[in-house]
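Take a look at the letters that make up each chain.
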There are 2 protein chains.
Amino acid sequence: MVNLADVARQAHVSQMTVSRVINHPNLVSDEVRDLVNQAIKAVGYQPNRIAKALVNQQNYVIQFIVLEDIATVEPNYAILLLEIAEVLNQKGYTLEISTILEPNSHVDGLIVSGWRDSDLERLSAINVPMVLYGQAPTWYDLPYVDVNNRMGTSLATTHLIEAGYKKVIYIGMTMALPFVREREQGYLETMAKHHLVSRTYDVSNHSHDAEKLIQNIIAHLPKNTGIVCATDRIALGVVRALKAQSQIPENYGVVGFDGVFIDQITSPKLTTIKQPFRQLANTLVSNLLNQLHHSELKTELIQPRLVKRDSTRQV
Amino acid sequence: MVNLADVARQAHVSQMTVSRVINHPNLVSDEVRDLVNQAIKAVGYQPNRIAKALVNQQNYVIQFIVLEDIATVEPNYAILLLEIAEVLNQKGYTLEISTILEPNSHVDGLIVSGWRDSDLERLSAINVPMVLYGQAPTWYDLPYVDVNNRMGTSLATTHLIEAGYKKVIYIGMTMALPFVREREQGYLETMAKHHLVSRTYDVSNHSHDAEKLIQNIIAHLPKNTGIVCATDRIALGVVRALKAQSQIPENYGVVGFDGVFIDQITSPKLTTIKQPFRQLANTLVSNLLNQLHHSELKTELIQPRLVKRDSTRQV
DNA sequence: TTGTATGCGTTATCAT
DNA sequence: ATGATAACGCATACAA
């Protein structure tokens with residue numbers, strides 16, 4: 001392992017000068033700085049994160065905590081995790097993954113996902129920099145990053161209206177979580193804005209439930225109806241129920257939400273609201289590192305994107 | 001932060017004695033050991049991984065490298081990653097995730113997945129302990145862990161035969177990877193063993209392709225046929241193509257492979273070969289840690305499990 | 001069986 | 001502007 005001493009020897013300066021060139025280059029004269037930089041390249045020096053961590057009393061470890069059952073959201077997490085890991089590694093941090101909330105002293109910061117309202121009390125008691133993935137109630141002072149769920153369903157609803165579907169209904173989820181309410185609100189608001197009558201249904205977030213719901217209400221569902229779904233999973237069930245009559249997208253238009261994996265395996269392919277996971281990952285990480293360095297708390301909503309495919313009419 | 005010195009003071013012994021109690025308890029007298037252990041609890045000591053890493057010239061970081069396009073296998077990876085992370089954390093290691101092959105000096109070991117044959121040359125040149133996820137050719141001396149793919153399709157084929165399907169065909173993948181060949185072999189062998197005529201087709205690993213294939217060959221496909229699919233994705237397309245006539249499982253039986261996520265969202269629910277991801281994760285990790293400590297190379301195949309659901313007849 | 005001295009690679013502090 | 005020294009927490013080698 002090549003260390004500071006090796007570089008120092010090569011450049012005929014002291015260890016400290018090398019350390020300064022790396023951490024406080026403006027405190028070093030131009031000539032010496034160039035000399036040292038050359039030496040660093042020549043010997044192939046790579047800073048030792050462990051030694052740095054020891055002296056700085058930091059660990060350069062961020063823990064990603066998944067509190068919900070993975071099975072419910074698998075594809076999303078794979079993407080998000082990989083994005084976060086990449087961003088973190090770039091900044092010299094390591095990502096640790098955990099499924100329980102019990103922060104060890106060796107983590108510098110927490111990214112928490114899949115939490116329920118009942119977790120927030122416990123979370124706000126923990127004295128480690130953290131950022132939540134998912135919109136949290138404001139009365140806890142916990143910074144969060146999320147996609148703008150309300151805007152998402154609003155985009156979906158607008159798209160269906162503009163595509164000429166006469167009636168537009170919403171199929172939501174039976175979960176008391178902020179993002180669930182937000183998605184519903186996005187639909188309701190947009191319908192109100194267009195002076196249209198809204199109609200919502202609730203199912204569990206499983207394709208088979210959504211499929212059954214549609215089979216039950218199909219008799220009362222006029223042709224030329226648009227269906228905004230709270231998730232791609234629900235949309236999958238809806239599409240399956242309607243496909244038998246191959247009435248998509250002529251008689252029924254379907255829009256999902258998430259845009260990960262499921263949207264690609266439906267038939268017809270799903271028009272959906274895509275969560276920008278790369279951007280979410282970037283924002284989560286920079287948010288957290290900002291807290292570590294400058295200790296500012298900040299909450300952010302990221303804009304989603306409508307992806308038009310075959311389950312809705314081309315406008 | 002409470003350290004060895006704090007414990008030592010509490011127990012009225014030296015730092016070294018405390019260190020010994022932790023690392024070599026048999027070198028310490030019983031009384032002193034008990035005393036120190038009490039002190040450890042009393043002051044709430046937690047070993048500092050960073051300091052340990054520095055002195056041991058280890059980093060306690062394992063890198064998980066995903067070389068293939070994530071989009072093709074998302075759900076599987078989410079599960080595998082979380083399992084690996086959990087096992088690793090238990091053993092005091094941290095998991096780092098990367099999508100490129102360029103091991104930094106700060107990683108102690110590599111778990112490599114999604115590699116192609118063309119990567120193996122480069123991999124075997126890297127001088128860091130590693131284990132591959134996925135069966136590799138034996139002429140590279142790289143240890144790997146994989147599910148027993150051959151046994152998997154064999155289980156699937158046997159199940160269909162025993163369920164009374166007269167003809168059993170196989171839909172495989174157009175990829176030149178060992179595991180692809182293994183899965184096909186499992187089918188072919190089992191058919192031969194039962195003195196049955198085998199018939200294989202190939203498609204890309206996309207549900208839409210599989211769906212088209214079935215639509216094209218359905219005319220020549222006699223009733224009472226069993227279909228072994230190389231993946232759940234393919235099975236999903238097959239089920240979709242056959243569902244219009246709702247002939248599953250009476251006239252056609254379908255078995256998939258993987259058992260992650262997709263199998264739950266098909267309709268009817270998929271009979272499939274389940275990859276034991278928890279066991280795979282455990283084996284991958286213990287394999288790697290064995291290399292780190294005792295430097296033995298070992299390759300292992302894990303047994304998969306047949307999960308009978310609604311896409312095949314109950315025997 | 002227990003304790004002392006030393007060093008891992010880095011950086012902050014203080015001195016020059 | 002540059003360098004010498006000490007310190008972070010732990011474990012190995014050696015001494016007692």
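Here the structure is a predicted model, which means the values were calculated and not measured. (Residues numbered from 1 in each chain as written. Chains lettered and ligands numbered in written order. Predicted model: local features only at pLDDT ≥ 70, side-chain atom pairs only at ≥ 80, totals over all residues. Heavy atoms only, no water.)

(A) The arrangement of the packing of aromatic side chains in detail. Scanning the entire structure with this criterion turns up five aromatic pairs over all chains. Here A:Phe261 and B:Phe261 contribute two aromatic rings whose centre-to-centre distance is 5.8 Å and whose plane-to-plane angle is 70°, an arrangement assigned as edge-to-face. With A:Phe261 in the loop between strand S9 (252-258) and helix H11 (262-265) and B:Phe261 in the loop between strand S9 (252-258) and helix H11 (262-265), this pair bridges two chains. Take A:Phe261: its relative accessible area is 2%, and that puts it in the buried class. The ring of B:Tyr201 carries the charged tip of B:Arg199 above its face, separated from the ring centre by 4.2 Å. (Phe/Tyr/Trp six-rings, centres within 6.5 Å; stacked < 30°, edge-to-face > 60°. Helix = DSSP H or I, 4+ residues; strand = E, 2+ residues; numbered from the N terminus. Buried < 20%, exposed > 50% of the residue type's maximum accessible area, 1.4 Å probe, protein only. Lys NZ or Arg CZ within 6 Å of the ring centre and 35° of its normal.)

(B) Local environment of the protein's contact with DNA strand C. Taken together, 28 residues lie around DNA strand C, and A:Leu4, A:Tyr45, B:Thr17, B:Arg20 and B:Val32 are the ones closest in. Counting only the atoms of DNA strand C within 4 Å of the protein, the fraction contributed by sugar and phosphate is 62%. Taking B:Ser14, its side chain carries an N or O atom lying 3.0 Å from a phosphate oxygen of DNA strand C. Considering each element in turn, the surface near DNA strand C owes the most residues, five residues, to helix H4 (residues 49-56) of chain A. Residue classes in the surface near DNA strand C are distributed as 15 nonpolar, 11 polar and two charged. (Near = heavy atom within 4 Å. Polar contact = N/O pair within 3.5 Å; in protein donor to acceptor, adjacent residues only side chain to side chain. Nonpolar A, V, L, I, M, F, W, Y, C, P; charged D, E, K, R; others polar.)

(C) Representation of empty space enclosed by the protein within the structure. Tallying each qualifying case throughout the model produces one cavity of 30 Å³ or more. Of the volumes computed, that of the largest cavity is approximately 130 Å³. Considering the residues around the largest cavity, the lining is formed by 14 residues, among which A:Ile50, A:Asn59, A:Val61, B:Ile50 and B:Asn59 are closest to the centre. Only H4 of chain A together with helix H4 (49-56) of chain B provide two or more residues apiece to the lining of the largest cavity. The element that contributes the greatest number of residues to the lining of the largest cavity is H4(B), accounting for three residues. When grouped by side-chain class, the residues that make up the lining of the largest cavity number six nonpolar, six polar and two charged. (1 Å grid on protein atoms, 1.4 Å probe; cavity = no way out; pocket = protein on both sides within 12 Å on 5 of 7 lines; lining within 4 Å. Points joined across faces, edges and corners; volume = space filled by probe spheres on them.)

(D) Fine view of the UniProt feature "domain: HTH lacI-type" (unreviewed entry) in chain A. The residues that UniProt annotates with the feature "domain: HTH lacI-type" (unreviewed entry) are residues 2-56 of chain A. Annotated as residues 2-56 of chain A, this span is 71% helix and 0% strand, and its ends, taken at the C-alpha atoms, are 20 Å apart. (UniProt positions renumbered as here; feature names shortened; annotations may be inferred.)

(E) Spotlight on the sheet that holds strand S10 (residues 271-274) of chain A. Residues and elements named next belong to chain A. Pairing in this open sheet of six strands is mixed, and the strands run S7-S6-S8-S9-S10-S12 from one edge to the other. Looking at the sheet topology across the chains shown, the edges are occupied by strand S7 (200-203) and strand S12 (305-307). Pairs of neighbouring strands in the sheet enclose a mean axial angle of 20°, with direction left out of account. One ladder, built from four bridges, connects strand S6 (residues 167-173) with S7; its direction is parallel. Residue pairing across strands places Gly-172 opposite Asp-202, the latter belonging to S7. (Pairing = 2+ DSSP bridges. Axes fitted to C-alpha atoms, helices over the stretch in contact; angles between N-to-C directions.)

(F) Main features of the pairing of strand S3 (residues 109-113) of chain A. All names here are of chain A. Most of S3 sits inside the fold, with five of its five residues counted as buried. Sheet topology note: the strand S1 (residues 61-66)/S3 ladder contains five bridges and is parallel. Residue Phe-64 lies in a different strand from S3, and its bridge partner there is Ile-111. Of the strand pairs in this sheet, S3 and strand S4 (residues 130-133) are connected by four bridges, and their pairing is parallel. Bridging from a neighbouring strand, Leu-110 pairs with Met-130 of S4. Handedness of the β-α-β unit built from S3, helix H6 (residues 117-125) and S4 comes out right-handed. (Right-handed = clockwise from strand over helix to strand, strands pointing away.)

(G) Broad picture of the nonpolar core. Membership of the largest hydrophobic core comes to 70 residues, with the highest contact counts inside it found for A:Ile84 and B:Ile84. Beyond its immediate stretch of four places on either side in the chain, A:Ile84 contacts A:Phe64, A:Leu95, A:Ile111, A:Ala281, A:Leu284 and A:Val285. (Core = buried A, V, L, I, M, F, W, Y, C linked by side-chain atoms within 4.5 Å. Contact = heavy atoms within 4.5 Å.)

(H) Expanded view of the protein's contact with DNA strand D. Around DNA strand D, the surrounding shell holds 27 residues, and the nearest of these are A:Thr17, A:Arg20, A:Val32, B:Met16 and B:Tyr45. Of all atoms in DNA strand D that approach within 4 Å of the protein, 63% are sugar or phosphate atoms. Contact distances for DNA strand D include 2.9 Å between a phosphate oxygen and a backbone N or O atom of A:Ser29. Taking B:Asn3, its side chain carries an N or O atom lying 3.5 Å from a phosphate oxygen of DNA strand D. Mapped onto the surface near DNA strand D, the elements with two or more residues apiece are helix H2 (15-23) and H4 of chain A together with helix H2 (15-23) and H4 of chain B. The class makeup of the residues in the surface near DNA strand D is 14 nonpolar, 11 polar and two charged.

(I) Representation of the pairing of S4(A) in the model. Residues and elements named next belong to chain A. Burial along S4 is two-sided: Met-130 and Leu-132 facing one way and Val-131 and Tyr-133 facing the other are all buried. With two bridges connecting them, S4 and strand S5 (residues 144-147) associate as parallel partners. For Leu-132, the partnering residue across the bridge sits in S5 and is Tyr-144.

(J) Here's a closer look at the relation of the copies chain A and chain B. Mapping chain A onto chain B is achieved by rotating through 180° and translating by 0.0 Å along the same axis, at an RMSD of 0.1 Å. In short, the pair behaves as if placed about a two-fold rotation axis. Counting the interface residues of chain A, we find that 100% of their copies in chain B are interface residues as well, pointing to one common contact surface. (Least-squares fit on C-alpha atoms with pLDDT ≥ 70 in both.)

(K) Highlighting the packing of H2(B) against helix H3 (residues 30-43) of chain B. Residues and elements named next belong to chain B. As a packed pair, H2 and H3 sit with axes 10 Å apart at the nearest point and diverge in direction by 95°. Classified by the interaxial angle, the pair formed by H2 and H3 is roughly perpendicular. Seen from H2, the contacting residues are Thr-17, Val-18, Val-21 and Ile-22; seen from H3, they are Val-32, Arg-33, Val-36, Asn-37 and Ile-40. Across the contact of H2 with H3, the residue classes tally to six nonpolar, two polar and one charged. (Parallel < 35°, antiparallel > 145°, perpendicular 65-115°, else oblique.)

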